Amino acid sequence: MSGTMKTLGIILQHEWRTLLADRTLWIITPLFALLIGYGIYNGSTWVHFQQTTLEAARAEEQTRFRRAQEEIAAIERGGKAGSAFTNPRLPAVAAGRSGTRYALLPPGPLASLSVGQSDLYPYYFKVSSQSKQTFTNNDEVENPTNLLAGRFDLAFVILYLYPLLILALSYNLLSAEREQGTLQMILSQPVSLRQFVLGKIGLRALVVLFLTLGFSIAGFLLGEVELQADGAWVRMLLWMGIVGGYGAFWFALAIVVNAIGRSSATNAMALAGLWLLFVLLIPSILSVGASSLYPVPSRVEMVQATRRATAEATARASQLLSRYLEDHPELTAGGQADPNDFAIRTLAIQDETERLVQPVLDHFDQQTLGQQALVDRFRFLSPAIVTQAALNEVAGTSLSRYRHFLALVDRFHQQWRAFFTPLVVQRVPLQASDYSRFPAFQFQEEPIDSIIRRVVTGILGILLPTLLVGWYGFRTLRRYSLAS
């Protein structure tokens, strides 16, 4: 055992001197550093934009509340009240306009490193007493070409460029030695071909992982990652584990291609083809297949369904109001609701509208979940898909975090309407101090254990095929021909 370790040590020292003398490493390293720096800058810029937008939303809410309270105070001093649509003392006005609250999704803990899904989905909603569709469908519209290409961040560098760095340093592990006529001389020494390959690939793996993880740690610092946040260090460790596993997969592929015994040019072409297959083709095929098998209804269809439902509910307003008050006798508190009150009729219309639109929303969710289930089922065909999903989970920019946010928004919307509905029906006038008692949205992160389970599944989904590919590569070395 000691002799084997000594032999590996000699090979590592020799390969280190060879790499230092090779201009490839000196050219690739600064270029790789620049790309990572640019990716971190882009990710940080997006996070700063999100934070600025959320701060603007908070400021707008505070200003609106202050103005409403000032107006109520003026009315109480004998001033003139506004109309039934603008008077902040009316519960219906407060619930739907003057007192609405924002539901905000803060950037993920490592969002500056992997933008992920955060630029595809809205990260704030202005929650009111109206139906949920009225504020969840008001998404920001961005250039679809930009959304398709994705943002250039650290995760982009790792997914697309990191494998190319590995392949550029590993495509000619054995072929270069054989073409130069030095491989037979090396193997005439007390060293086996497997030991030689293990030493060469091991040193390159150490160098590449050191560079990538080192730049990632720099990204944690330069990207203003909140290291004091709950679970931040766990996320950093998971990030490094994902990056290490993803790199190991590409090194294992390089071993297999080198073990087949072709020329350096052929090895380069084969590895480039594998990069195209795993990083571009399989993800694209899965994306097209998911969209074809589970087409999602367009936003236009959802808006039209909402309009039709609203028109139908409005036409039956009187009937709906009677049924609504019968279903909710606790709202009248022993009194008689005015059937001609616009605000009360609106409650019944909104309730019926949500009921009519719900099948369309359920169909939308079913199609979306179907797409995600299909991708999840076949994601292990491509380590790039697994790595992207895991990095997004760690960064807090995944679809699962967004769906968690939507669930919290839905719960808050129900709480908001439950708070205001009795006040609207009973027409209780609001005081200025009541505004400070309105329900407020609080975002709560998912338990870190849930995130760890999802990420560890992804890491295992990379490591298991890596071990199989590596085992096959070293097994293939038995048939390696030393003659060029």
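Provided above is the structure to which this section pertains.
Not measured: the values here are computed from a predicted model. (Residues numbered from 1 in each chain as written. Predicted model: local features only at pLDDT ≥ 70, side-chain atom pairs only at ≥ 80, totals over all residues. Heavy atoms only, no water.)

## A word on the overall build of the protein chain
Scanning the protein chain for helices and strands turns up 17 helices and two strands. Burial statistics for the protein chain: of 484 residues in total, 45% are counted as buried. Within the protein chain, contacts between residues separated by at least 24 positions form 84% of all contacts whose residues are at least 6 apart in sequence. Carbon and sulfur atoms form 61% of the exposed surface of the protein chain, whose accessible area is close to 24600 Å². (Helix = DSSP H or I, 4+ residues; strand = E, 2+ residues; numbered from the N terminus. Buried < 20%, exposed > 50% of the residue type's maximum accessible area, 1.4 Å probe, protein only. Contact = heavy atoms within 4.5 Å. Areas by Shrake-Rupley, 256 points an atom, 1.4 Å probe, with all protein chains shown as cover.)

## Topic: the packing of aromatic side chains
Per the stated rule, a full pass over the model turns up 27 aromatic pairs. On the basis of an interplanar angle of 65 degrees and a centroid distance of 6.5 Å, the ring pair of Tyr-102 and Tyr-124 is categorised as edge-to-face. With Tyr-102 in strand S1 (residues 101-104) and Tyr-124 in strand S2 (residues 124-127), the pair connects residues that are 22 residues apart, well separated along the chain. In this structure Tyr-102 comes out as buried when scored by relative accessible area, which is 15%. (Phe/Tyr/Trp six-rings, centres within 6.5 Å; stacked < 30°, edge-to-face > 60°.)

## Topic: the pairing of S1
Alternating residues of S1 divide into Arg-101 and Ala-103 and Tyr-102 and Leu-104, and every residue in both groups is buried. Two strands pair when backbone bridges link them, and S1 and S2 are joined in this way by four bridges, in the antiparallel orientation. In the sheet register, Ala-103 faces S2, and the bridge partner there is Phe-125. (Pairing = 2+ DSSP bridges.)

## Description of the nonpolar core
Trp-239 and Trp-250 are the most contacted members of the largest nonpolar core, which has 71 residues in total. Among the elements that take part in this core, helix H10 (residues 232-260) stands out by supplying 16 residues, more than any other. Beyond its immediate sequence surroundings of up to four residues, Trp-239 is in contact with Leu-110, Leu-113, Ser-114, Leu-154, Ala-155, Ile-158, Ser-216, Phe-220, Leu-391 and Val-394. (Core = buried A, V, L, I, M, F, W, Y, C linked by side-chain atoms within 4.5 Å.)

## As for the pattern of salt bridges
Counted by the stated rule, this structure contains eight salt bridges. Shared partners join several salt bridges into a network, and the residues in it are Glu-393, Glu-446 and Arg-454. (Salt bridge = Lys/Arg side-chain N within 4 Å of Asp/Glu carboxyl O.)

## Focus on the environment of Ile-166
Along the chain, the position of Ile-166 falls in helix H6 (residues 154-170). Judged by relative accessible area, Ile-166 falls into the buried class, the value being 0%. Considered as a pair, Ile-166 and Ile-201 are 35 residues apart in the sequence and their alpha carbons are 10.0 Å apart. Apart from residues lying up to four places away in sequence, Ile-166 is in contact with Val-208, Gly-247, Trp-250 and Phe-251.

## Digging into the packing of H6 against H10
Between H6 and H10, the shortest axis-to-axis distance is 10 Å and the interhelical angle comes to 30 degrees. With respect to H10, the element H6 is oriented roughly parallel. H6 and H10 meet at a crossing whose hand is right-handed. Residues Leu-154, Ala-155, Ile-158, Leu-159, Tyr-162, Pro-163, Ile-166, Leu-167 and Ser-170 of H6 touch H10, and the partners they reach there are Trp-239, Val-243, Tyr-246, Gly-247, Trp-250, Phe-251, Ala-254 and Asn-258. For the contact of H6 with H10, the per-class residue count stands at 14 nonpolar, three polar and no charged. (Axes fitted to C-alpha atoms, helices over the stretch in contact; angles between N-to-C directions. Parallel < 35°, antiparallel > 145°, perpendicular 65-115°, else oblique. Left-handed = near helix turned anticlockwise from the far one by under 90°. Nonpolar A, V, L, I, M, F, W, Y, C, P; charged D, E, K, R; others polar.)

## Thoughts on helix H2 (residues 23-76)
The end-to-end C-alpha separation of H2 is 80 Å, in line with the 80 Å expected for 54 residues at 1.5 Å each. Looking one or two residues beyond H2, the residue adopting positive phi is Gly-78, at roughly 110 degrees. (Expected span 1.5 Å × (residues − 1).)

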